[in-house]
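Observations on chain architecture
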Amino acid sequence: MKKIIFPLAILATLFVCSCNTTKKLYQAQEYDQVIMNNAEKICSGRLNNKLLTMVVESYHRANQADHERIQALKATGKPEVWPEVFERYCSMKGRNDALACLPRDLKKQINYVTLDLDDEIQSSRNKADAYLAAVITQQLGSNTPDLDQTDRMIRRLEGINRDNSRLNEFKLKSLARRYGDLSKMMHIDIRQHQVGANRDEAVSFKETKGNLTANVTDHVLSKSATIKGKVNFIDPRSKRLLLAMPFDVTSKFEHNYTVVEGPQEACSEQTLSRLKQQPLPFPTDESMLKDAENQLVEMINQKLQ
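Along each chain, residue indices are assigned from 1 in the same order as the chain's sequence is written. Restriction of local features to residues with pLDDT of at least 70 applies here, the model being predicted, together with a cutoff of 80 or more for giving and counting side-chain atom pairs; totals for whole chains, interfaces and linings are based on all residues. Side-chain measures were taken over the full set of non-hydrogen atoms in the model, leaving aside hydrogen atoms and water.

Structural notes on the overall build of the chain
Rule in force here: Numbering of helices and strands runs from the N terminus; a helix is a DSSP stretch of H or I covering at least four residues, while a strand is a stretch of E covering at least two. The buried label goes to any residue with under 20% of its type's maximum accessible area, the exposed label to any with over 50%, and the partly exposed label to all in between, with areas taken from a 1.4 Å probe on protein chains only.
Of regular secondary structure, the chain possesses 10 helices and four strands. The N-to-C order of helical and strand elements in the chain reads α-α-α-α-α-α-α-α-β-β-β-β-α-α. Expressed as lengths along the three principal axes of its C-alpha atoms, the size of the chain is roughly 100 × 55 × 50 Å. The buried share of the chain, taken over its 305 residues, is 36%.

Shown next, in the form of structure tokens:
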């Protein structure tokens, strides 16, 4: 295998270009870009003093600016500040993590301190989540919502907390306000389906009353079917995909019944009440999958109400 050797002139040119790019970013106050572009080089010891100085100054200046901005935002007492507070805390943590690999001596030299921001990030995330969800709900309930602004807020909410339980609901309602009846646009794309086995879990025991004894067997029948995929909403005119919503829906069948062998007079009131439940046949695989699809459609309709 041939070893590729770069002439010194080429290496020097590459170094100068890297330095010039970093300098331009630094002068433009693109501090995060300066850090991200050079963090790996610093940690591997491949950075000269000039570039190191720019990275360190970028780190401290960006963190100071974010800290001051966060304090100013909190001082207003307004709920709308929390999305920005959360994002600035995340930026501070991102910079801190990027330089966490530095040698201990260098950390001490540049006054690097590990920032414990987890509590602040979680607290501001919760408040930003609640604020955005409330404003989006208000917008979507308005007679004349600004849908462009609403969609921007939905995207921001997704960036802050993609596990928000109402996120898909907001997306669907915004789509419905913009395009009308979604049933004509909805296409269910099932990528995976799985049907469980027919299960009959039986427990037998004896019941006695006086000189009478009966054998009692409680049966629990169960079966499940799961479908996974995406619900695609497609503009019927342009055929453009407007929203792809993943789903994972499970249909469950469960039925209990009891069988008694021997005199029913030996049985407890509880057992006698269970005798009213008659055995049922297991549903077919096809009917279970169809029920899962119906649940999916019903779930979407409920989100649109």
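Describing the confidence of the model for the chain
Test applied: pLDDT: the predictor's confidence for each residue, scored from 0 to 100. Working rule for contacts: check all heavy atoms of both residues, and any pair within 4.5 Å makes them a contact.
Per-residue confidence for the chain gives a mean pLDDT of 90, with 93% of residues at or over 70. Ignoring residues within four places in sequence, the model shows residues 1-17, a span with pLDDT below 50, making three contacts including any to other chains.

A few points about the packing of helix 2 (residues 31-43) against helix 4 (residues 82-98)
Rules: To get an axis, fit a line to the C-alpha atoms, keeping to the stretch in contact for a helix; angles then go from 0 to 180 degrees between the N-to-C directions. With respect to orientation, any angle under 35 degrees is reported as roughly parallel, any angle over 145 as roughly antiparallel, any angle of 65 to 115 as roughly perpendicular, and every other angle as oblique. Whether a crossing is left-handed or right-handed is set by the direction in which the near helix is turned from the far one by less than a right angle, anticlockwise for left-handed and clockwise for right-handed.
The contact between helix 2 and helix 4 brings their axes to 9 Å, and the two run at 20 degrees. Between helix 2 and helix 4, the interaxial angle falls into the category roughly parallel. Considering how the two elements wind past one another, helix 2 and helix 4 form a crossing that is left-handed. Contacts between helix 2 and helix 4 involve Asp32, Ile35, Met36, Ala39 and Cys43 from the first element and Gly94, Arg95 and Ala98 from the second.

Thoughts on helix 3 (residues 49-76)
What counts here: Helix span, as expected, comes to 1.5 Å for every residue beyond the first.
The terminal C-alpha atoms of helix 3 lie 41 Å apart, and with 28 residues this matches the ideal 40 Å at 1.5 Å per residue to within 8%. Turning to helix 3, its buried residues number three or more, namely Leu51, Leu52, Met54, Val55, Val56, Ser58, Tyr59, Ala62, Asn63, Asp66, Ile70 and Leu73. Looking one or two residues beyond helix 3, the residue adopting positive phi is Gly77, at roughly 75 degrees.

Description of helix 7 (residues 147-160)
For helix 7, built from 14 residues, the straight-helix expectation of 20 Å at 1.5 Å per residue is met to within 8% by its first-to-last C-alpha distance of 20 Å. Looking at the buried residues of helix 7, the elements they touch are helix 4, helix 6 (118-140) and helix 8 (167-179).

Quick notes on unusual backbone geometry
A positive phi angle is found at Gln29, which is not glycine, with a value near 65 degrees. Among the secondary structure elements, Gln29 is positioned in the loop between helix 1 (8-27) and helix 2. Overall, the relative accessible area of 56% leaves Gln29 in the exposed class. The phi angle at Lys239 is positive, at roughly 65 degrees, despite the residue not being glycine. For Lys239, the position within the fold is in the loop between strand 3 (212-234) and strand 4 (241-261).

Structural notes on the environment of Ile190
With respect to the helices and strands, Ile190 occurs in strand 1 (residues 186-195). Accessibility expressed as a relative area gives 31% for Ile190, which makes it partly exposed. Spatially, the C-alpha atom of Ile190 lies 9.3 Å from that of Glu293, the residues being 103 residues apart in sequence. For Ile190, the contacting residues outside a window of four places in its chain are Ile227, Lys228, Phe247 and Glu293.

Side note on the side chain of Thr150
Inspection of the secondary structure puts Thr150 in helix 7. Assessed through its relative accessible area of 0%, Thr150 is described here as buried. Dropping the residues within four chain positions of it, Thr150 is found in contact with Ile136, Gln139 and Leu140.

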